[in-house]
Amino acid sequence: MTRGIQSRSFLTLQDFTPSEITLLLTTAKQFKQMKMLGIPHRQLEGKNIALIFEKPSTRTRTAFTVACVDLGAHPEYLGKDDIQFGKKESVEDTAKVLGRMFDGIQFRGFSHETVELLAEHAGVPVWNGLTDRCHPTQVLADFLTIEEQLGKLKGVKLVYVGDGRNNVANSLLIGSAKMGLHFTIASPSSLFPEQALVEYAQEVARENQGSIIITDDVKKAVHGADAIYTDVWVSMGEEDLFAERIQLLQPYQVNGELMEATANPYTIFLHCLPAFHDLNTDVGKKIFDQFGLTEMEVTDEVFRSKHSVVFDEAENRMHTIKAVMALTLGR
Ligand code: CP
Ligand code: NVA
């Protein structure tokens, strides 16, 4: 039986049961259909939503903004230089002020403790739009995309390749355990996720007929994969680590050879984006000048191949974020 999601914050998938995650995904599918059919779905008419961003964002910012507008709510973007947040006013006091004015607060930033502090003091639902520890709204979109492509989540063999201890990897680990996927992280052992999180996920996975494997053997890991997932080698805030990560992660690049190693012609490719797959970005050009790489975590060939569902995944951020806001703010 699903407990109510109403009035709750959405900080990590650890706080949600498999049936609550299923409800979020089902609701997202309904919103997607309504959007396609042009059926109004203004469940949040008259609500005001604060969108706090300490870090840059394309998808999360625009998904929350369009989701708010489609749901009839007013989004207010609060960038790191727009408010006193943490500089002249504590997170606790800011949370109390924003909670008096807004019905819900999205936070994207550095420390996970900040989003927890906001949720503790705001008195309204707070949604995690990415912290150093996790990126739960991303994984809802990933799961909606996998379901659309493969017709199910339970039993799907999902292999994440790359930086195994970043926010996206952590949230995939938790989400996969909850939803009964067979989830593998293939990364160098120095980038394995925290042992305590792995043990938690393995226990939850067992309860849900799934499994969790953490390995540095990438070729073996991807064999039989239904879905391959990667993320950037250097996350926001870690920019001084490029040299070290390039050295460690080059054998974990998602390229044609790795896709062949799945031995599955129908494997789908996922990436939360943004991705370094060509030289059409400033950072990409700088990396090329410094290290001679034309691509990083995924080759342009795979990124643009028929396996790639990355732009469905990006669109699904909006539909899933609508579900998170509508169910947590629901009447
Ligand atoms: N995937 C994702 O969170 O993208 P943005 O950083 O553009 O929001
Ligand atoms: N791991 C990446 C995800 C970006 C959506 C980062 O934190 O930069």
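Residues numbered from 1 in each chain as written. Chains lettered and ligands numbered in written order. Predicted model: local features only at pLDDT ≥ 70, side-chain atom pairs only at ≥ 80, totals over all residues. Heavy atoms only, no water.

A. Just helix H2 (residues 59-70), in detail. Its 12 residues give H2 an end-to-end C-alpha distance of 16 Å, which sits within 8% of 16 Å, the value for a rise of 1.5 Å per residue. Every buried residue belonging to H2 is among Arg 59, Thr 60, Ala 63, Phe 64, Ala 67, Cys 68 and Asp 70, and all of these are buried. Burial along H2 is one-sided: seen end-on, the buried residues are contained in an arc of 165°. Buried residues belonging to H2 abut helix H1 (18-37), strand E1 (48-53), strand E2 (74-79), strand E3 (104-108), strand E4 (126-128) and helix H13 (310-329). (Helix = DSSP H or I, 4+ residues; strand = E, 2+ residues; numbered from the N terminus. Expected span 1.5 Å × (residues − 1). Buried < 20%, exposed > 50% of the residue type's maximum accessible area, 1.4 Å probe, protein only. Arc of directions from axis to C-beta. Contact = heavy atoms within 4.5 Å.)

B. Just the sheet that holds E4, in detail. If you trace the four strands from one edge of the open sheet to the other, you get E2-E1-E3-E4, paired in parallel fashion. Each edge of the sheet is formed by a strand with only one pairing partner; in this case those strands are E2 and E4. Sheet twist, expressed as the average angle between the axes of neighbouring strands with direction ignored, equals 20°. Strands in contact with H13 are E1 and E4; relative to E4, the strand with the most contacts, it is inclined by about 155°. (Pairing = 2+ DSSP bridges. Axes fitted to C-alpha atoms, helices over the stretch in contact; angles between N-to-C directions.)

C. Quick look at the layout of surface pockets. Considered as a void within the structure, the largest pocket measures approximately 620 Å³ in volume. Of the residues in the lining of the largest pocket, the class split is 13 nonpolar, eight polar and seven charged. Computed from the structure, the second largest pocket encloses a volume of approximately 240 Å³. The wall of the second largest pocket is formed by Thr 12, Gln 14, His 112, Glu 116, Asp 132, Arg 133, Cys 134, Arg 165, Asn 170, Ile 174, Glu 194 and Leu 197. Listed by contribution, the elements that provide at least two residues to the lining of the second largest pocket are helix H4 (112-122) and helix H6 (167-179). Along the lines of polarity and charge, the residues of the lining of the second largest pocket split into three nonpolar, four polar and five charged. (1 Å grid on protein atoms, 1.4 Å probe; cavity = no way out; pocket = protein on both sides within 12 Å on 5 of 7 lines; lining within 4 Å. Points joined across faces, edges and corners; volume = space filled by probe spheres on them. Nonpolar A, V, L, I, M, F, W, Y, C, P; charged D, E, K, R; others polar.)

D. Examining the side chain of Arg 245 more closely. Examined against the element boundaries, Arg 245 turns out to sit in helix H9 (residues 242-249). A polar contact of 3.5 Å, which involves the side chain of Arg 245, links it to the side chain of Asp 163. If we skip the residues at most four places from it in the chain, Arg 245 touches Asp 163, Arg 165, Leu 191, Trp 233, Val 234, Glu 238 and Gln 250. (Polar contact = N/O pair within 3.5 Å; in protein donor to acceptor, adjacent residues only side chain to side chain.)

E. The site of ligand 1, seen in detail. Around ligand 1, the surrounding shell consists of Ser 57, Thr 58, Arg 59, Thr 60, Arg 108, His 135, Gln 138, Cys 272, Leu 273 and Arg 317. Contact between ligand 1 and Thr 60: an oxygen atom at 2.7 Å from a side-chain N or O atom of the residue. Its atoms largely coinciding with the cavity grid, ligand 1 occupies the largest pocket. Taken together, the residues of the shell around ligand 1 sort by class into two nonpolar, five polar and three charged. (Near = heavy atom within 4 Å. Sits in = over half its atoms within 2 Å of the grid points.)

F. Molecular detail of the site of ligand 2. Neighbouring ligand 2 are Leu 130, His 135, Asn 166, Asn 167, Val 168, Asp 231, Val 232, Ser 235, Met 236 and Leu 273. Within the side chain of Asn 167, one N or O atom sits 2.8 Å away from a nitrogen atom of ligand 2. Surface burial for ligand 2 is 95%, taken as the share of its 270 Å² of free accessible area covered by protein chains. The cavity where ligand 2 resides is the largest pocket. The residue makeup of the shell around ligand 2, split by class, is five nonpolar, four polar and one charged. (Areas by Shrake-Rupley, 256 points an atom, 1.4 Å probe, with all protein chains shown as cover.)

G. Quick look at H13. Its 20 residues give H13 an end-to-end C-alpha distance of 29 Å, which sits within 8% of 28 Å, the value for a rise of 1.5 Å per residue. Along its length, H13 shows its largest kink, about 30°, at Asn 316. Burial runs high along H13: 16 of the 20 residues are buried. (Bend = angle between axes of the 7 residues up to and from the residue.)

H. The arrangement of the pattern of salt bridges in detail. Scanning the model with the defined rule gives 17 salt bridges in all. In this structure, the salt-bridge partner of Asp 70 is Lys 35, at a minimum N-O distance of 2.7 Å. You can see Asp 70 sitting in helix H2 and its partner Lys 35 sitting in helix H1, a full 35 residues away along the chain. Lys 35 sits in the partly exposed class, given a relative accessible area of 34%. Ionic pairing is found between Asp 70 and Lys 322, a salt bridge with its closest N-O pair at 2.8 Å. Of the two residues, Asp 70 sits in helix H2 while Lys 322 sits in helix H13, which places them 252 residues apart along the sequence. (Salt bridge = Lys/Arg side-chain N within 4 Å of Asp/Glu carboxyl O.)

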